[in-house]
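Observations on the three-dimensional arrangement
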Amino acid sequence: MDISILLVYGEGGHHDQAMRLMKQMQSLDPTIDFIHVTDTVTMKGDSIEKIHTVPPIRHKNESFNPLAFVNAYLKAVTLTVKLVRQHQPRAVIGFGPGICIPVFMVCKVMRVKKRIFFEDWCRFTSKSLSGKACSPFSTKFFVQNESLKELYRDAEFAGRL
Amino acid sequence: MTLSSLDASNNKTRILVITGTTGFDSLVKKIDESRELESRYDITLQTGEGSYQPQYKPWFDFDKSLKDKLADYEFFITHAGAGTIFMLLEHKKRVLVVPNTDRADKHQVELANYVKSKRLCAVCERVQDIEGAILSIDANTQHLQPYAKVEFNAVREVLRYIYE
């Protein structure tokens, strides 16, 4: 049976990083079944079949709203539980933003064994919220800028996507 | 207005302003309202999800095929979004970066500092200085260094790790 991988990402750079890694992986193994979880609709229609959208944990142009946060969080939890049951993914790969946090937590609880997180490539001297929160739930953690290795002790640097 | 309706027949220097999906109202408004720039440059603005609608210059909100249209412009002005900056640098473009501090999170300054310290892009730290930065964009972006990307080299390792 082909293996499934959950790919979790937001818009802009997160999305670009995810697409870059996915293409590189597909060129080596075209049989992998990627299941996309994203918090934006602007990127929809990239001829991706299995794409699921969740509301963003916090909107970039608005201040923090606890109600929206809880709502987004619960929706992401429910969706992840459903997707893990349905597809039994071998791994989850996350790129940020905050929406990765509930997904990674659920994946850990539901024993998705390989949980790989890529810290945002715009980070050079500080951690992102999703990077901070997902690092304890990750089994492999990549940084995209070498300077970040000082902040994340267990992180790997293997070039930039 | 869309990108394709651009009149490419005049000889003014063509500049594309990229704000990413988030939008960058203060930058777009400032450039749009500067009438002085129009005599020298042909500027197209991206608005993203911003709420300001340009009055004087051609604009579009999203364009997925942006990458295929890079050759239509001589200079690029962009928010400090990593996706856009790395894409432009990989295509060896001359870039002026304006970190978007309108956003709730201020992390764009980090990437702006990086490209500035490595001399990969010119940087205009404050939106209010953008007019002057554009008027001297040629000089500002003349001595930039080529971007040498360290390619991600762990794809096989990631696959092996997932299979094991």
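Further up the page is the structure itself.
A brief report on the enclosed structure follows. Going along each chain's sequence as written, the residues are numbered from 1 onward. Chain letters and ligand numbers both follow the written order, the letters beginning at A and the numbers at 1. Whole-chain, interface and lining totals are the exception, using all residues; otherwise, since this is a predicted model, local features are given only for residues with pLDDT of at least 70 and side-chain atom pairs are given and counted only at 80 or more. Each side-chain value is worked out from all heavy atoms of the structure, with water and hydrogens disregarded.

**Topic: the side chain of Ser138 of chain A**
This is how it is decided: Only DSSP runs of H or I with at least four residues qualify as helices, and only runs of E with at least two residues qualify as strands; both kinds are numbered from the N terminus onward. A contact between two residues is defined here by any heavy atoms of the two lying within 4.5 Å.
Mapping Ser138 of chain A onto the fold places it in the loop between helix 4 (129-134) and strand 6 (140-143). Residues within four places of Ser138 of chain A in sequence aside, it is in contact with Phe104, Arg115 and Phe117 of chain A.

**Focus: the pattern of salt bridges**
What counts, and what does not: By salt bridge we mean one thing: a side-chain nitrogen of Lys or Arg within 4 Å of a carboxyl oxygen of Asp or Glu.
Overall, the coordinates contain 14 salt bridges over all chains when judged by the stated rule. For Asp63 of chain B, the salt bridge identified is with Lys69 of chain B, shortest N-O distance 2.8 Å. Glu151 of chain B is the partner of Lys149 of chain B in a salt bridge, and the nearest nitrogen-oxygen pair spans 3.4 Å. Several salt bridges converge on common partners, so that one network encompasses Arg20 of chain A together with Glu90, Lys149 and Glu151 of chain B.

**As for the nonpolar core**
Our working definition: Joining through side-chain atoms within 4.5 Å is the link that ties buried Ala, Val, Leu, Ile, Met, Phe, Trp, Tyr and Cys residues into a set, and such a set is a nonpolar core. Here the term buried applies to any residue with accessible area under 20% of the maximum for its type, exposed to any over 50%, and partly exposed to those in between, with areas from a 1.4 Å probe on protein chains only.
Core analysis: the largest hydrophobic core is formed by 27 residues, its most contacted members being Met25, Ile93, Phe95 and Phe118 of chain A together with Phe152 and Ile162 of chain B. For this core, the secondary-structure elements that each account for two or more residues are strand 1 (4-9), helix 1 (13-28), strand 4 (91-94) and strand 5 (114-118) of chain A together with helix 6 (155-163) of chain B. Aside from chain neighbours lying at most four places away, what touches Phe95 of chain A is Leu7, Val8, Tyr9, His14, Gln17, Ala18, Leu21, Cys100, Phe117, Phe118 and Leu161 of chain A.

**Quick word on the interface of chain A and chain B**
The test is simple: Using a 1.4 Å probe, buried area is obtained as the accessible area two parts lose upon being combined, added over both of them. Side-chain atoms alone can form a polar contact between residues adjacent in sequence; in general such a contact is a pair of N or O atoms within 3.5 Å, and within protein one must be able to donate a hydrogen while the other accepts it. For this classification, the nonpolar set comprises Ala, Val, Leu, Ile, Met, Phe, Trp, Tyr, Cys and Pro, the charged set comprises Asp, Glu, Lys and Arg, and every other residue, Gly included, is treated as polar.
Taken together, the contact between chain A and chain B spans 44 residues of the former and 33 residues of the latter. For the pairing of chain A and chain B, the buried interface totals around 3,400 Å² over both sides, and the portion due to carbon and sulfur atoms is 58%. Summed over the shared surface of chain A and chain B, the result is two salt bridges. Our count for the chain A to chain B interface comes out at 18 residue pairs in polar contact (both at pLDDT 80 or more). Elements that contribute at least two residues to the side of chain A that touches chain B include exactly helix 1, strand 4, strand 5 and strand 6 of chain A. Among the elements that line the side of chain A that touches chain B, the one with the most residues is helix 1 of chain A, at seven residues. A class-by-class count of the residues in the side of chain A that touches chain B yields 17 nonpolar, 12 polar and 15 charged.

**Overview of the pairing of strand 2 (residues 33-38) of chain A**
All names here are of chain A. This is how the line gets drawn: Note on pairing: DSSP must find at least two bridges between two strands before they are called paired. Looking down the strands as they point away from you, a crossover is right-handed if its path from the first strand over the helix to the second goes clockwise.
Burial of strand 2 is extensive: five of the six residues sit out of reach of the surface. Across six bridges, strand 1 lies against strand 2 in parallel orientation. The residue bridging Leu6 from the neighbouring strand is Ile35, located in strand 2. Taken together, strand 1, helix 1 and strand 2 constitute a β-α-β crossover, and its handedness is right-handed.

**What to know about unusual backbone geometry**
Residues and elements named next belong to chain A. Residue Gly96 is joined to Pro97 through a cis peptide bond whose omega torsion reads 5°. Take Pro97: it is sitting in the loop between strand 4 and helix 3 (100-109). Positive phi outside glycine occurs at Gln88, with the angle close to 45°. Within the fold, Gln88 resides in the loop between helix 2 (66-87) and strand 4.

**Some thoughts on helix 3 of chain A**
Residue and element names in this part refer to chain A. Counting buried positions over the 10 residues of helix 3 gives seven, a clear majority of the element. Every buried residue belonging to helix 3 is among Cys100, Ile101, Pro102, Val103, Phe104, Val106 and Cys107, and all of these are buried. One or two positions beyond helix 3, positive phi appears at Arg111, with a value near 60°.

**A few points about the packing of aromatic side chains**
To keep things clear, this is the line we draw: Stacked, edge-to-face and tilted are the three classes for Phe, Tyr and Trp ring pairs, Trp counted by its six-membered ring, which pair at centre distances within 6.5 Å; planes under 30 degrees apart are stacked, over 60 edge-to-face, the rest tilted.
Using the criterion set out here, one finds 12 aromatic pairs over all chains in the structure. The interplanar angle of 25° and the centroid separation of 4.9 Å between the aromatic rings of Phe118 of chain A and Phe142 of chain A together place this pair among those described as stacked. Of this pair, Phe118 of chain A sits in strand 5 while Phe142 of chain A sits in strand 6, placing them 24 residues apart in sequence. The exposure classification of Phe118 of chain A matches that of Phe142 of chain A, with both residues buried. Ring geometry for Phe142 of chain A versus Phe152 of chain B: centroids 5.4 Å apart, planes at 80°, classification edge-to-face.

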